[in-house]
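Topology and contacts: notes
Chain by chain, the residues run as shown.
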Amino acid sequence: MSERYEGHAQEVVSAFLEMLDPQVRDDISEAHRNELTMMVEAAISTAVLEQLERTADQIDALSTRLRSYAERYDKA
C-alpha cells in the first residue's frame, strides 16, 4: 500500500508545485521536491494508521459489548 501513498503524495506535490509561479517552481531542487514528497507520504501514512487504530478500538469495544450481550442472553 506504500506505493499507493507514494503515488498520492506525488500527485499532491505536483499540484502544489503547479500553484507556484514558474520562477519559484524552478528554484526548487529535485532533492527538495523528493523530500516534500516523502513528508507528504509520511503524513498520509500517519493519518491512515491513526484512523485504522481508531477503527480497531471501535471494533474491540463492539466485540466487548457483543460478548457481554451474548453472556447475558444465555443466562436469561
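Look up a bit, the structure's there.
Report follows, based on the coordinates.

With that out of the way, let us pick up the overall build of the protein. For the protein, the helix and strand inventory stands at 3 helices and 0 strands. Across the protein, helices and strands are ordered from the amino to the carboxyl terminus as α-α-α. Its C-alpha atoms give the protein a radius of gyration of 22 Å, clearly above 11 Å, the size a compact globule of 76 residues would have. Dimensions of the protein along its principal axes, counting C-alpha atoms only, are 75 × 20 × 15 Å. Per-residue burial over the protein gives 13% buried out of 76 residues. Accessible surface computed for the protein: about 6,500 Å², of which carbon and sulfur atoms make up 56%. The average position of the 8 basic charges and that of the 16 acidic charges among the side chains of the protein differ by 15 Å.

Okay, a negative patch on the surface next. A grouping of E50, E53, D57 and D60 is seen on the molecular surface, where their side chains present a negatively charged patch. Structurally, D60 can be placed in helix α3 (residues 30-75).

Counting 6 residues, the largest nonpolar core is built from Y5, A9, V13, L17, V40 and I44. Elements represented by at least two residues in this core include exactly α1 (2-19) and α3. If you tally residues by element for this core, the top one is α1, at 4 residues. Beyond its immediate chain neighbours, meaning those up to four positions away, L17 contacts R25, I28 and R33.

Basis of the calculations
Residues numbered from 1 in each chain as written. Predicted model: local features only at pLDDT ≥ 70, side-chain atom pairs only at ≥ 80, totals over all residues. Heavy atoms only, no water. Helix = DSSP H or I, 4+ residues; strand = E, 2+ residues; numbered from the N terminus. Rg over C-alpha atoms; globule rule 2.2 N^0.38 Å. Buried < 20%, exposed > 50% of the residue type's maximum accessible area, 1.4 Å probe, protein only. Areas by Shrake-Rupley, 256 points an atom, 1.4 Å probe, with all protein chains shown as cover. Lys, Arg positive; Asp, Glu negative; His and termini not counted. Charge placed at Lys NZ, Arg CZ, Asp CG, Glu CD. Patch = residues over 30% accessible without salt bridge, like charges linked within 9 Å, V, L, I, M, F, W, Y side chains within 5 Å. Salt bridge = Lys/Arg side-chain N within 4 Å of Asp/Glu carboxyl O. Core = buried A, V, L, I, M, F, W, Y, C linked by side-chain atoms within 4.5 Å. Contact = heavy atoms within 4.5 Å.

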